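Overview (structure and organization)
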Amino acid sequence: MNNKKPPKATSNTFTLTNNKTGESYELPVLSGTMGPDVIDVRRLYADTGHFTYDPGYTSTGSCESKITFIDGEKGILLYRGYPIDVLAEQSDFMEVCNLLLYGDLPSQSQKKKFERDITYHTMLHEQLNYFFRGFRRDSHPMAVMVGVVGALSAFYHDSTDITDPYHRMVASYRLIAKMPTIAAMAYKYTIGQPFVYPRNDLKFSENFLYMMFGTPCEEFKVNPVLAKAMDRILILHADHEQNASTSTVRLAGSSGANPFACIAAGIASLWGPAHGGANEAVLNMLTEIGDAKNIPEFIKRAKDKDDPFRLMGFGHRVYKNFDPRARVLEKTCHEVLDELGIEDEPLLDIAVELERIALEDDYFVSKKLYPNVDFYSGIIFKAMGIPTSLFTVLFAVARTVGWVAQWNEMIEDPTQKIGRPRQLFMGDKEKKYIPLHKRK
Ligand code: CMC
């Protein structure tokens, strides 16, 4: 239900002065419940004929949202007001999904119903098995995810009317429930094992591990420590306000596209190494470093402006002191390695040493580049036996609820318009067309 109040204009304003004409223009300032105030430029073009210029949206608030709050300076991340470390410690992924979608923690009966409703949707249309078989066996699983999730709109057309709240709810539940099934199938397909159907008596994370590692030949017992770690990773990645993939989902959805198509667009955006693809890139980088003695050489490369190499898993657009998700994961990483009896993991040794050296290096300190969530998640996934190419897929499984919650929020927003940025044009002015036969 939409209970949206318009954003509050403060008594403060900004005055823009055109130094050429001397004309002045007052810009209203809006205040949120937390975070910096925003300068409202919505009428700027209509009133002054000027656009704002902000490539990478470093100073742009693209929407109003009530879902996730980040204070990058203080390392604060709240889902619907609840701190991420508290949720990671005390909650579980299904509860967090419910929280993100509905705005507050569910009661016991609401949680039970939500879990039942989600598990009811975990199975895929049987015809999708054949759709998988059209892919090469060595396809990157993110390519498979983009394709299969996009194709869901062809299989579940009965939940694509975005004007109908019931359709929106069913599509949201389907996406959250089916993502682990699709991810596990993408994995099974690459290794040539039969697809494993979901088991609704298992919890969300247990079922995911079961579908990934179970086979029809023998009983598969899910390790509770690993299931807990997986659940925690899902919680930590569930939402992150207006990041690249979420903004992609909102932008795709702003045209009225169906939710399955929008989430497929989000998966494509997540794939890049500057975003969700970083967890895979971290592992590849640690493998390439190979030995702690090679770290200085890689640090030198990362600092070299003429070398495109960056330390993967370091830096963040918003977090400028620490990433609170990385702190939780660092602890989880050690729990998983202890449980699996991995005492000497060379890649972890390299990671720890890399972190130590980078955190002392003036370049990284002065630019406020700290390990982010992807620095540790890759090491945990590797220890669990998950292949590197699947790391970003797991991020997508977790982030689906965030995408879906943000997409629903956008659709229900009465001020929502199609997203349509403008540009600073630097190309040629109008030219005269010369017919081909007259050109040299
Ligand atoms: N290694 C070396 N230098 C870096 C790095 C890095 N990882 N990250 C940023 N810098 C430098 C960058 O060259 C720039 O230097 P200068 O000011 O001299 O030009 C300065 O630090 C600021 O960087 P930026 O690229 O302007 O910052 P951004 O906010 O546009 O980019 C980022 C943020 C996450 C894309 C970037 O830090 C990066 O590429 N990190 C590595 C990839 C990574 O780990 N991504 C996962 C992000 S967390 C998971 C998620 O939310 O998806």
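Residues numbered from 1 in each chain as written. Predicted model: local features only at pLDDT ≥ 70, side-chain atom pairs only at ≥ 80, totals over all residues. Heavy atoms only, no water.

1. Points about the overall build of the chain
If you tally the helices and strands in the chain, you get 18 helices and six strands. Its C-alpha atoms give the chain a radius of gyration of 24 Å, within 12% of the compact-globule value 22 Å for 440 residues. Going through the 440 residues of the chain one by one, you find that 46% of them count as buried. Sequence separation of 24 or more characterises 70% of the internal contacts of the chain that already satisfy a separation of 6 or more. Summed over its atoms, the accessible surface of the chain is roughly 23500 Å², and 54% of this surface lies on carbon and sulfur atoms. (Helix = DSSP H or I, 4+ residues; strand = E, 2+ residues; numbered from the N terminus. Rg over C-alpha atoms; globule rule 2.2 N^0.38 Å. Buried < 20%, exposed > 50% of the residue type's maximum accessible area, 1.4 Å probe, protein only. Contact = heavy atoms within 4.5 Å. Areas by Shrake-Rupley, 256 points an atom, 1.4 Å probe, with all protein chains shown as cover.)

2. Let's talk about the nonpolar core
In this structure, Y79, L286, L311 and L354 are the most contacted members of the largest nonpolar core, which totals 119 residues. Excluding its chain neighbours within four sequence positions, the residues that come into contact with L311 are M285, I299, A302, L354, A358 and F364. (Core = buried A, V, L, I, M, F, W, Y, C linked by side-chain atoms within 4.5 Å.)

3. Section: the sheet that holds strand β5 (residues 76–79)
What the three strands build is an open sheet, ordered β4-β5-β6; its pairing is antiparallel. Lying at the two open borders of the sheet, with one neighbouring strand each, are β4 (68–71) and β6 (82–83). Relative to β5, β4 is paired through four bridges, and the arrangement is antiparallel. The residue of β5 that forms the bridge with T68 is Y79. (Pairing = 2+ DSSP bridges.)

4. With respect to the side chain of T392
With respect to the helices and strands, T392 occurs in helix α18 (residues 391–412). A distance of 3.1 Å separates the side chain of T392 from the side chain of N279, its partner in a polar contact. Every residue in contact with T392, bar those within four places of it in the chain, is listed here: M142, L270, W271, G276, G277, N279 and E280. (Polar contact = N/O pair within 3.5 Å; in protein donor to acceptor, adjacent residues only side chain to side chain.)

5. Focus: the site of the ligand
Around the ligand sit 21 residues, and of these H275, R310, L311, R317 and K367 come closest. Between the ligand and A274, the relevant distance is 3.1 Å, taken from a nitrogen atom to a main-chain nitrogen or oxygen of the residue. Taking L311, its main chain carries an N or O atom lying 2.7 Å from a nitrogen atom of the ligand. The residue inventory of the shell around the ligand, partitioned by class, reads 10 nonpolar, six polar and five charged. (Near = heavy atom within 4 Å. Nonpolar A, V, L, I, M, F, W, Y, C, P; charged D, E, K, R; others polar.)

6. Focus on the packing of helix α9 (residues 224–237) against helix α17 (residues 373–384)
Relative orientation of the contacting elements α9 and α17 amounts to 155 degrees, with a least axis distance of 12 Å. One way to sum up the angle between α9 and α17 is to call them roughly antiparallel. When you trace α9 past α17, the crossing you get is left-handed. Contacts between α9 and α17 involve L226, A229, M230, I233 and H237 from the former and V373, D374, S377, I380, F381 and M384 from the latter. A breakdown of the residues in the contact of α9 with α17 according to their chemical character gives eight nonpolar, two polar and one charged. (Axes fitted to C-alpha atoms, helices over the stretch in contact; angles between N-to-C directions. Parallel < 35°, antiparallel > 145°, perpendicular 65-115°, else oblique. Left-handed = near helix turned anticlockwise from the far one by under 90°.)

7. Section: the side chain of D40
On the secondary structure map, D40 appears in the loop between β3 (38–39) and α1 (44–48). Note on D40: relative accessible area 14%, which makes it buried. A distance of 2.8 Å separates a polar atom in the side chain of D40 from a polar atom in the side chain of R42. Those residues within four positions of D40 in sequence are excluded, and the remaining contacts are L27, P28 and L30.

Purely spatial values, then, with no claim about function.
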